[in-house]
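# Reading the structure
Listed below, chain by chain, are the residues.
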Amino acid sequence: MPVAKSVGARIKRREDPRLIQGLATYVDDLQLPGMCYVAFVRSPHAHAKIQSIDTSAASALDGVVSVVTGADVNPDVGGVPCAATDFPNVQVPEHPVLAEDKVRFVGEPLAAVVAVDRYVAQDAVDLVEVDYDPLEAVSDAEAALEPGSVKLYDHFDSNQAFTWDLEGGDVDAGLKEADRVISQRFIHQRLAPNPIEPRGVAADFNAGDEQLTLWSSTQIPHILRTQVALMIGLNENRVRVIAPEVGGGFGCKLNVYAEEAVLGHLAKKLERPVKWMESRRENFLHTIHGRDQLGDVEIGMKNDGTITTLKYNVVADVGSYFQLLTPAIPTLTGLMLCGCYQIRNVSMHLRAAFTNKMSTDAYRGAGRPEATYIVERIVDCVADELGLDPLEVRRKNFIVKDSFPYETGTGLSYDSGDYTIALDKALKNADYEGLRKKQAELRDEGRYLGIGLSTYAEICGMGPSAAMPAGGWESGTVRVDPTGKVTVLTGIKPHGQGQETTFAQLIADGLGVDVDDVKIVHGDTDSVQYGTGTFGSRGTAVGGTAMIMAMEKVKKKVKKFAAHMLEANIDDIELEDDRYVVKGNPERGVSLADVSGHAHRGIDMPEDTEPGLAESHFFEPSNFTYPFGTHIAVVEVDKDTGEVDIQRYVAVDDVGNIINPMIVEGQIHGGIVQGLGQALYEEVIYDESGQVLTGTFMDYTMPKAHFFPRFELDNTVTPTPVNPMGVKGVGEAGTIGSTPAIVNAVIDALKPFGVRHIDMPLRPEKLWRLMNGGESS
Amino acid sequence: MIPGTFDYHAPKTLKKAVSLLNEHEDAKILAGGHSLIPLMKLRFAAPAVVIDIGRVSGISRIRISDGHIQIGALTTHHTIGSNARLRRVCPVLPETANEIGDLQVRNRGTLGGSVVHADPAADWPAAMMALRASFEVAGPSGTREVSASDFFVDMMTTTIGDGEILSQIRIPEPPAGSGSAYAKMHQSASGFAITGVAAQLTLDESGNVSAAGVGVTGVAPIAYTASAVEDALVGKAPDEGAIAAAAALAADGVQDANEDHHASGEYRMHLATVLASRALASAAERAKS
């Protein structure tokens, strides 16, 4: 890395002025001449046979252009794809874009209406008459796996979607070696990702050019292009996907949805532009959900707190169909089960169940919050069992600093880490000793303070292609214009992560230009070379590296030109501020604009050099990266009401080198809130008949700013050797670290009541019951 | 929002609003819109006619005179919450207002709209019961006055007839030596009350309770007056012990307590006692000062 000016600075996000001023363009802002609007007919039943669909009244309504059902569309449109089906005992369901014979969850689309405006489209939806034959539904994953359960797929043996096993070391030997063994059931409730902008798709087919343009609020424009082209039968180069401003994704837009293909198909068939904007209600019903695992952990320990074995026997509720990555998500739980501890004997036995619910898939953290929650809760359970301070159990089992790269029991190779320094800093910032003293004092007064720790490690920078369902590399192009301004084309798709700022900071320092002279282009498959997208905390660690490698190629050529122009040796050219100068002779120099102008003129060229100044790089990471940190939550629980008052939240995160501290803090802030949302508030509830009880914000609690105190953030810096910038990724760290911190704190507060575990979300009533003689879960 | 088709009227007088309401079948009154619009958005409600009373004059003022606090039905929560005189004279009103929703909701939502909607978890009905409010209702043949205890009939149902509009809310001005307060537990998603208790106490010269009003919302299908609590306090000094003993009766007689995934009936009834105790303690404190 060059000596940095921009890198490390708290530069305000360059994205924000357009967002704040309402100048950003989202899918819903798009208006094309003759545009029609699409609305979907969705199943009100969790499980039903479709006897017949009568579209005549809807078709007859003034302003309706077309009404299509599965029978009309499915012959021409392939099913919704899944990129991760290579699993033991897998049963892969057909997943038509519009349900034809049977519906399997509330909200499943079965017909689409195209009309001249959204009102007419919605009126017509109400006129489509569907004759359903309702069937018994199964919404509980364990019940779905029982012999004799109602089956979602008649031709499958059972509702078991697949199985997966992981074993490192020898778990049974670990159990024998243990002084004590405890077991605990953990439930990771189902969550709705709920980005502020729901999904939306617009499509326009130009018959003259045989070109389909598809606008979608997506995290993966290139993968979407490939998949939609295959689904609707167009050559991939005839499909252009544009992901305009995307108002958050959290993983739920890392997917290929039925609506994307249906809109593409309708635009082509009708030769009219069409648009569909998801309502919040549709978002609750038919955008992927996250988490939803329940499992039993058996844990062996020595009397000194050493963990000898960890066995996880889990059922994952995958919902009704496979979306893009559905089966892969719980496997990430297995890989990260050891957290930051030296647990040599570890196993996970996973059974996935089909249920009459929306599919689960990647939601911020994607499988790792489950792992971190389990292992961080377990460490506290071990401390509770042995009467030790949870802090000491952590120190006892930490992977030690000088053992990196560290091979985990689950087969991963942790890149770098120093878990003790983050823990020590957090303890100091929180005044852990003082808090414990205060806790003891308050308990004497009948007040219940709780202190919760989470010392997490997580897997980021996804990832080596061999370990990824759909490729893990990333691409970048760096172009210098004749006037010396720089354009970057990146294969990632930022949607809140701030790379229009951080990437510009990297380029500014690397090439010697002003941050404002760098433009970052993303999200248009016709402008940007093929890329993978934004997910798995990979944007900067992988996408940024691709850009840096391309920039280094450009820089090498710039130096070649500078040497030629200055009549110096290339090895003597160095970048000083914004000029390429001759070493020891700084008045002899040229700017990037001088060089670029020369390179684009194409005469008086250095030997064996092409004109122009643009380079690309496709970066394949050699490993994942593993950020870590310590979060400490301090809560007081009201014995009379069970309400949790979060008094302090102290976090020390180590995400490697930091390009823009303000953006990193923003990511951590949002992440913590999302993790606390799971711990305290959020839950998608399906009742026994498969109806959604939490389909609006009146019933599903989104965490709000006033629920939380000011977070006290700090960091340590342990760079990764996996990429030249030493950055690890920060998109998911807060979410992964925070959930167990708050749960541990609440359980710590309730320790005088003999409570060892409470399932999330920690609703006040649950806590009140436990504090007043009720059952511990 | 993609509602069904409807006709829209925006009358400027109450009389015109009432006559429009009586001219049309399947008409709904739109005030702040915070109950009706979400229902129309989900197409759970699809009225043929919407009568927007937002421009009707004379029903959005707060007046304190002749021993009464009179609040126009169209007065927003924010207007009540930020009224300095009410804060002195009857603090439970601004306190309740400021516990409702968020800033945007308080800027649009109205007192009248809330009580007419009669959501079992709405905040206002608790204060209406505690303060012995009465409601002036305008209909085609003139106005009538209904007491709060007669007004709420069942969940989402009041005595207001199809052709009537709530115009004014009248509350007896609390005598000297009074104090009032509202204590609430929020439902975390909606911000409505899981349970809310409004209390007003009036103390005589010796410091004993001469009058008590306690209203409870969120627990039962409609808000109710906790008469047992009131009776237990009258004639006593409102000390910790007396308040605790009285508050313990806050859910007495509740038969079918509300229940959902946020809170069981048993818990709501328990919260009524805790929150009654808190509201009464603040009310007593204020009455003394």
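Here goes a summary of the coordinates provided. Within any chain, residue numbers begin from 1 and follow the written order of that chain's sequence. Chains and ligands are labelled sequentially in the order written, the chains with letters from A and the ligands with numbers from 1. With the structure being a predicted model, the display of local features is reserved for residues of pLDDT at least 70 and the display and counting of side-chain atom pairs for 80 or more, all residues being used for whole-chain, interface and lining totals. With hydrogens and water set aside, each side-chain value is computed from the structure's full complement of heavy atoms.

## A few points about the sheet that holds strand β11 (residues 178-186) of chain B
All names here are of chain B. Here is the rule: When DSSP finds at least two bridges between two strands, those strands are taken to pair. Helical segments are the DSSP runs of H or I of at least four residues, strand segments are the runs of E of at least two, and each set is numbered from the N terminus. Any pair of residues with heavy atoms lying within 4.5 Å of one another is described as a contacting pair. Only the contacting stretch of a helix is used when fitting its axis, a line to C-alpha atoms as for every element, and angles between N-to-C directions run 0 to 180 degrees.
One open sheet holds the four strands; their spatial order is β11-β12-β13-β14, and the pairing between them is antiparallel. At either margin of the open sheet sits one strand with a lone partner, and together these are β11 and β14 (224-225). In terms of strand pairing, β11 meets strand β12 (residues 193-203) through nine bridges, oriented antiparallel. Across the sheet, residue serine 180 finds its bridge partner in β12, namely glutamine 200. Sheet strands touched by helix α12 (residues 265-288): β11, β12, β13 (209-217) and β14. Its angle to β12, the strand with the most contacts, is close to 35°.

## Quick notes on the packing of helix α7 (residues 221-232) of chain A against helix α8 (residues 258-270) of chain A
Working note: a packed helix pair is described by the angle between its axes plus the distance between those axes. All names here are of chain A. This is how it is decided: Should an angle fall under 35 degrees it is taken as roughly parallel, and over 145 as roughly antiparallel, whereas 65 to 115 is taken as roughly perpendicular and any remaining angle as oblique. Two helices that cross are described as forming a left-handed crossing if the nearer one is turned anticlockwise from the farther one by less than a right angle, and a right-handed crossing if clockwise. In this count, Pro and Cys sit with the nonpolar residues alongside Ala, Val, Leu, Ile, Met, Phe, Trp and Tyr, while Asp, Glu, Lys and Arg are called charged and the others, Gly among them, polar.
At a minimum axis distance of 10 Å, the contact between α7 and α8 shows a crossing angle of 55°. Compared by their axis directions, α7 and α8 come out oblique. Seen from above, α7 lies across α8 with right-handed handedness. On the side of α7, the interface is formed by Leu224, Val228, Met231 and Ile232, while α8 contributes Glu260, Ala261, Gly264, His265 and Lys268. The class makeup of the residues in the contact of α7 with α8 is five nonpolar, two polar and two charged.

## Examining the interface of chain A and chain B
Many authors give the size of an interface as the accessible area that is lost as the parts come together. Counted only if it meets this: Take the accessible area each of two parts loses on contact, using a 1.4 Å probe, and add the two losses: that sum is the buried area. Each salt bridge in this description consists of a side-chain nitrogen of Lys or Arg and a carboxyl oxygen of Asp or Glu lying within 4 Å of one another. Within 3.5 Å is the distance limit for a polar contact, defined as a pair of N or O atoms, with the added protein rule that one can donate a hydrogen and the other accept it, and that residues adjacent in sequence qualify only through two side-chain atoms.
At the junction of the two partners, chain A supplies 27 residues and chain B supplies 23 residues. Carbon and sulfur atoms supply 55% of the area buried between chain A and chain B, which totals about 2000 Å² over both sides. Put simply, chain A and chain B have four salt bridges between them. If you look at where chain A meets chain B, you find 15 residue pairs in polar contact (both at pLDDT 80 or more). Residue classes in the side of chain A that touches chain B are distributed as ten nonpolar, five polar and twelve charged.

## Section: the packing of helix α15 (residues 499-511) of chain A against helix α16 (residues 539-566) of chain A
Residues and elements named next belong to chain A. The interhelical angle for the contact between α15 and α16, taken along N-to-C directions, is 30°, at an axis separation of 11 Å. Judged on the interaxial angle alone, α16 and α15 are roughly parallel. α16 is crossed by α15, and the crossing has right-handed handedness. On α16, the residues that touch Gln499, Thr502, Phe503, Leu506, Ile507, Gly510 and Leu511 of α15 are Gly539, Thr540, Gly543, Gly544, Met547, Ile548, Met551, Val554 and Lys555. Among the residues forming the contact of α15 with α16, the class breakdown is eight nonpolar, seven polar and one charged.

Remember that the coordinates give geometry; whether it matters functionally is a separate question.
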